[in-house]
Amino acid sequence: MGTSRATVCPFCEAMCGLLVTVEGGRVAAIEGDAADPLSRGHLCPKAFGLRDLHEDPDRLRQPLCRRGGELVPCTWDEAFAAAAKSLRGVQAAGGRDAVALYRGNPVAHNYAALLGSEFVAKSLGTRNVYSANSVDALPLMFAANLLYGHPLLVPVPDIDRCELLLMLGANPVVSNGSALSAPGIRERLRQLRERGGRLIVVDPRRTETAEIADEHVSIVPGTDAALLLALLHEIVAKRRERLDRLASMVTGLDELRELVAPFAPEWVAPMTGVPADVIARLAHSLATATAAACYGRVGVSTQSFGGLCCWLIQVLNIVTGNLDRPGGTLFPRAAVDIAATPFGRGPVFGAFRSRVRGLPSFAGELPVAALAEEIETPGVGQIRGLVTIAGNPVLSTPDGTRLDRAIAGLEAYVAVDFYRNETTRHAQVILPPPSPAERDHFDLFYRAFAVRNVERYAPAILARPAGQPAEWDILCRLAARVAAGREARRFAVGVVAAGLRAIGAPRIIEALLSIGRGRQRPSWRSVARLSEQYPSGRDLGGLEPCLPARLKTRPRRLALHHEAMASEAERLKTALVAAADRPAGDTASLLLVGRRELRSNNSWMHNLATLAGGKDRCTLMMNPLDAAARQIVSASTVLVTSATGELRVPVRLTAAMRPGVVSLPHGWGHDRAGAALSLAAQAPGASYNDLTAAELVDAATGTSVLNGIPVTVRAAAS
Ligand SMILES: Nc1nc2c(c(=O)[nH]1)N[C@H]1C(S)=C(S)[C@@H](COP(=O)(O)OP(=O)(O)OC[C@H]3O[C@@H](n4cnc5c(=O)[nH]c(N)nc54)[C@H](O)[C@@H]3O)O[C@H]1N2
Ligand SMILES: Nc1nc2c(c(=O)[nH]1)N[C@H]1C(S)=C(S)[C@@H](COP(=O)(O)OP(=O)(O)OC[C@H]3O[C@@H](n4cnc5c(=O)[nH]c(N)nc54)[C@H](O)[C@@H]3O)O[C@H]1N2
Ligand code: SF4
Ligand SMILES: [Mo]
């Protein structure tokens, strides 16, 4: 018999509690932890990735250094020496900004990487800090910062109590929710409908979530801002707003009335593809429901008016009185309040700009759309070295082919990753962290987005092999080596990193917990005690109203007027007028949108046996009408061409697609030489981001436009 250990799945934002049976030092079984107050026993197939990833022969268990052009195993001492030497060399010649840092999505699921990578950033002292945020949730944080005063003070829909949920550009039945941690969301949505509530999904595809909804509203990609403005037009211009207890906090309502005035449903209907009577009906439902929530994610974030969309969604919740209302949208209160951390301190937006294109910074980072040009363009501050931590920007950021080429030409590149993926294959040094089964777990980031407040710490379920440092160790050591002997501020960062490395990451969590807990609750002296006493997590209760107290705006007001958003609405108006004047033509062109697949996680987990099997997932979904017009037959191979590139993928004909729109998942394209993902390479697929353009960003925020990309599709010669 093995022993059962409780942990948390690190693979998506749902944070499912798991019970793992360990036998002879191996993971023998994984099941959902019914005692977890948030996940209540839910888990999805990806949880088994915990075992597969641990046992994957391609997972790096030893650092690699480049010798004579080849990446070969080396000792940790050799790896750190080579890493520090190359990065320091580049900075000595080209200045601090000559080395860039890119942090990928798994950093947010790994508290030691989240904290440790801050040291790496500060020790490099570079302005060239990038992350996956600018191909993801940046517009949402931008809106939160404008309205609530902090990028991480984001309300989530109270789906367990709401009566009407209007969802745009999100597919939580597959993604398991994003900026909305609600494990088992399919069941929660079923319950919503069972208690008489309604779910309405706005998406160009009849998604798996739309499939279980009361209504699917098919929309032309990239036009959600117009739809949202028309909804607001119906509510605010017609004075049907209902601020209720928010009335004393709201300012700028008159300006909002003016802003939405031109966007009558009849006007936006032809461009959005949503009939005017449907818009009017949706607005009426929102304005009259006792508790409703509007929610949007990736589809409304990474599109040409992403910032405006995310802001309008919040404004819609405010003017219907649903913000901070049970059954509406509420602010989670995690044991560690990340909205009270230094992230986002100071001028959050536009504190500095990228060198070549002048794209604005957000929360200390530049948009990743600028990375390739910052590497390619000579001059003072040109990037000649790179550090990536848990990322794969060659597959996950726009114009991957160009970035791939740019990274290949760098003088120094150090990666912290346990795979030699499509990006890290270019590294001079790869420093592999332990497998997720070998690390402790505390969700520092995603608890801020959960529909129930839970405090949970889990020790590692397996011991680290001898010689394998913790990721905290790796990042602190790297930071200390890079900063040694530099100017005072960086030197100090290095000294602190070296000191805290010895103390260990759990102590930082204990410190944060004791600050965050407030007066009335008992103070945990150790995370070990927390996990002993509450192995499945400690329930801190459901979400509750907290405004105006938690607002970070000064004075504590909800201001509905923002110059930046007013000018975005103006830009949208101009674009719509131009579109309406254009002769209907160009039926050759289709609009490409993204999707996610259940047994996949962005560009990775494609190398895991349990998840990789089954039918081809990197397929282009297309409406049969569009196929017929192009003599494309079911299951054939097609060529998809954009202004940036061309892909060959199998086609899947389905009436779920809106005519004129095609859908492809991102994160495939595992046929690049030099990566070491043997299983993934057997079904490589093609990379969506070979079609997207670095030039295309949301003007308000600098976030990449990854949806609504014009493409042509034709049958490939067999
Ligand atoms: N076209 C298009 N592009 C997109 C998107 C889209 O919808 N459409 N979505 C975007 C979104 S939302 C995101 S979040 C990004 C993701 O983009 P990225 O964050 O750049 O890439 P991932 O695919 O998440 O790759 C994660 C890497 O981290 C490694 N890793 C996993 N766990 C750990 C760990 O604990 N420590 C370390 N050091 N490494 C680890 C894995 O081995 C893998 O190589 O992609 C974006 N790109
Ligand atoms: N299984 C699985 N789960 C995941 C991930 C994964 O790769 N696989 N990735 C994780 C990550 S990093 C994230 S950020 C989340 C993302 O979580 P979600 O945002 O829920 O996931 P997506 O499936 O990308 O949903 C985006 C939807 O937007 C639609 N869309 C595209 N363009 C438009 C548009 O212009 N307007 C509207 N209204 N809709 C549009 C697409 O058709 C798609 O259905 O998922 C997380 N969970
Ligand atoms: S939904 Fe799946 S991948 Fe996400 S945390 Fe739960 S088990 Fe892990
Ligand atoms: Mo993401």
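Residues numbered from 1 in each chain as written. Chains lettered and ligands numbered in written order. Predicted model: local features only at pLDDT ≥ 70, side-chain atom pairs only at ≥ 80, totals over all residues. Heavy atoms only, no water.

Colleague: Give me the domain arrangement of the protein chain: which residues, what numbers.
Modeller: Examined at the domain level, the protein chain breaks down into domain 1 (3-55), domain 2 (64-134 + 366-542), domain 3 (138-334 + 551-565) and domain 4 (583-715). The C-alpha-based centres of domain 2 and domain 3 are spaced at 34 Å. Across the boundary between the two partners, domain 2 contributes 10 residues, which contact 16 residues of domain 3. Regarding the contact of domain 2 and domain 3, the summed buried area is about 1200 Å², with carbon and sulfur atoms giving 62% of it. On the domain 2 side of the interface with domain 3, the three residues burying the most area are Asn133, Phe449 and Val451, jointly 51% of the side's total. Applying the counting criterion to the domain 2 and domain 3 interface returns zero salt bridges. Linking domain 2 with domain 3 are four residue pairs in polar contact (both at pLDDT 80 or more), by the criterion used here. Classifying every residue of the side of domain 2 that touches domain 3 gives six nonpolar, three polar and one charged. (Domains from an automatic or database assignment. Contact = heavy atoms within 4.5 Å. Buried area = accessible area lost by both parts, 1.4 Å probe. Salt bridge = Lys/Arg side-chain N within 4 Å of Asp/Glu carboxyl O. Polar contact = N/O pair within 3.5 Å; in protein donor to acceptor, adjacent residues only side chain to side chain. Nonpolar A, V, L, I, M, F, W, Y, C, P; charged D, E, K, R; others polar.)

Colleague: Just give me the short version of the packing of aromatic side chains, but keep the residues and values in it.
Modeller: A full pass over the atoms with the stated rule returns 12 aromatic pairs. Between phenylalanine 445 and phenylalanine 449, the aromatic rings sit 5.6 Å apart at their centres with planes inclined by 45 degrees, giving tilted as the arrangement. Like phenylalanine 445, the residue phenylalanine 449 is buried in the burial classification. Aromatic side chains tyrosine 446 and phenylalanine 449 sit 6.5 Å apart centroid to centroid with 50 degrees between the ring planes, which places their arrangement in the tilted category. Each member of the pair tyrosine 446 and phenylalanine 449 is classed as buried. Within the aromatic cluster, the residues linked to one another by ring pairs are Phe11, Phe418, Tyr419 and Trp604. (Phe/Tyr/Trp six-rings, centres within 6.5 Å; stacked < 30°, edge-to-face > 60°. Buried < 20%, exposed > 50% of the residue type's maximum accessible area, 1.4 Å probe, protein only.)

Colleague: Give a detailed account of the nonpolar core, specifying residues and quantitative values.
Modeller: Residues Tyr148, Leu165, Leu231, Leu256, Trp311, Val387 and Leu431 are the most contacted members of the largest nonpolar core, which totals 160 residues. The contacts of tryptophan 311, once residues within four sequence positions are left out, are Ala143, Leu146, Leu147, Leu256, Leu259, Leu560, His562 and Met565. The next biggest cluster of nonpolar side chains, apart from the first, holds 31 residues, and it includes Leu64, Ala370, Leu386 and Tyr413. (Core = buried A, V, L, I, M, F, W, Y, C linked by side-chain atoms within 4.5 Å.)

Colleague: Residues and numbers for unusual backbone geometry, please.
Modeller: Leave glycine aside and you will find that most residues have negative phi; peptide bonds, for their part, are mostly trans. In this structure, proline 548 follows leucine 547 across a cis peptide bond, with omega equal to 5 degrees. Considering the arrangement of structural elements, one finds proline 548 in the loop between strand S23 (538-542) and strand S24 (558-559). Phi is positive for aspartate 324, close to 65 degrees, though the residue is something other than glycine. With respect to the helices, strands and loops of the structure, aspartate 324 is situated in the loop between helix H13 (306-319) and strand S14 (329-330). Even without a glycine there, the phi angle at asparagine 602 is positive, about 45 degrees. You can see asparagine 602 is positioned in the loop between strand S25 (590-595) and helix H22 (609-612). Residue classification places asparagine 602 among the partly exposed positions, given a relative accessible area of 22%. (Helix = DSSP H or I, 4+ residues; strand = E, 2+ residues; numbered from the N terminus.)

Colleague: Talk me through the sheet that holds strand S11 (residues 215-217); I want residue IDs and the actual numbers.
Modeller: The pairing of strands in a sheet happens through backbone hydrogen bonds and is either parallel or antiparallel. Strand order in the open sheet formed by four strands is S11-S10-S9-S13, and the pairing between neighbours is parallel. A single partner strand is all that each edge strand has here, and the edge strands are S11 and strand S13 (292-296). Pairs of neighbouring strands in the sheet enclose a mean axial angle of 15 degrees, with direction left out of account. Of the strand pairs in this sheet, strand S10 (residues 198-202) and S11 are connected by three bridges, and their pairing is parallel. What sits directly across from isoleucine 200, in S11, is glutamate 215. The sheet contacts of helix H11 (residues 276-288) involve strand S9 (164-168), S10, S11 and S13, and relative to S11 the element is tilted by about 125 degrees. (Pairing = 2+ DSSP bridges. Axes fitted to C-alpha atoms, helices over the stretch in contact; angles between N-to-C directions.)

Colleague: Would you mind going over the site of ligand 1 in detail, with residue names and values included?
Modeller: Near ligand 1 there are 30 residues, and of these Tyr102, Asn105, Ser396, Asp417 and Ser603 occur at the shortest range. Note that an oxygen atom of ligand 1 is positioned 2.8 Å from one of the side-chain N or O atoms of asparagine 421. Here serine 603 contributes a side-chain N or O atom positioned 2.6 Å from an oxygen atom of ligand 1. Both domains that furnish three or more residues to the shell around ligand 1 are identified here as domain 2 (64-134 + 366-542) and domain 4 (583-715). (Near = heavy atom within 4 Å.)

Colleague: Help me get a handle on the sheet that holds strand S6 (residues 99-103), residues and values and all.
Modeller: On the basis of which strands lie adjacent, the open sheet formed by seven strands has the order S5-S4-S19-S18-S17-S6-S7 and mixed pairing. Each having just a single partner strand, strand S5 (70-73) and strand S7 (129-131) make up the two edges of the open sheet. Mean inter-strand twist for the sheet, computed between neighbouring axes without regard to direction, equals 20 degrees. Judged from the two bridges that link them, strand S4 (residues 64-67) and strand S19 (residues 429-431) form a sheet pairing that is antiparallel. Following the sheet pairing, cysteine 65 is matched in S19 by valine 429.

Colleague: Report on empty space enclosed by the protein, specifying residues and quantitative values.
Modeller: A complete count under the given rule lists seven cavities of 30 Å³ or more for this structure. Estimated volume of the second largest cavity: approximately 120 Å³. Of all elements in the fold, only strand S8 (156-157), S13 and H13 reach the threshold of two or more residues within the lining of the second largest cavity. Its residues assigned to classes, the lining of the second largest cavity shows 11 nonpolar, four polar and one charged. (1 Å grid on protein atoms, 1.4 Å probe; cavity = no way out; pocket = protein on both sides within 12 Å on 5 of 7 lines; lining within 4 Å. Points joined across faces, edges and corners; volume = space filled by probe spheres on them.)

Colleague: Before we move on, could you go through the site of ligand 2 and cite the residues and values that matter?
Modeller: By nearness alone, 31 residues border ligand 2, and Asp203, Asp224, Arg596, Ser600 and Asn602 come closest of all. The contact in question runs from a nitrogen atom of ligand 2 to an N or O atom on the backbone of serine 600, over 2.7 Å. Starting from 920 Å² of accessible surface for ligand 2 in isolation, the protein chains cover 98%. For the shell around ligand 2, the secondary structure elements donating two or more residues are helix H5 (172-175), helix H12 (298-301) and S25. By residue class, the composition of the shell around ligand 2 is 10 nonpolar, 14 polar and seven charged. Counting residues domain by domain, the shell around ligand 2 receives three or more from each of domain 3 (138-334 + 551-565) and domain 4 (583-715). (Areas by Shrake-Rupley, 256 points an atom, 1.4 Å probe, with all protein chains shown as cover.)

Colleague: Residue-level account of the side chain of serine 181, with values.
Modeller: As for its position among the elements, serine 181 is in the loop between H5 and helix H6 (185-194). Looking at serine 181, the relative accessible area reads 0%, which means it is buried. Reaching out from serine 181, the side chain makes a polar contact with the backbone oxygen of glutamate 13 at a distance of 2.5 Å. Once you skip the residues sitting within four places of it in the chain, serine 181 turns out to touch Glu13, Ala14, Met15, Leu38, Tyr446, Phe449, Ala450 and Val451.

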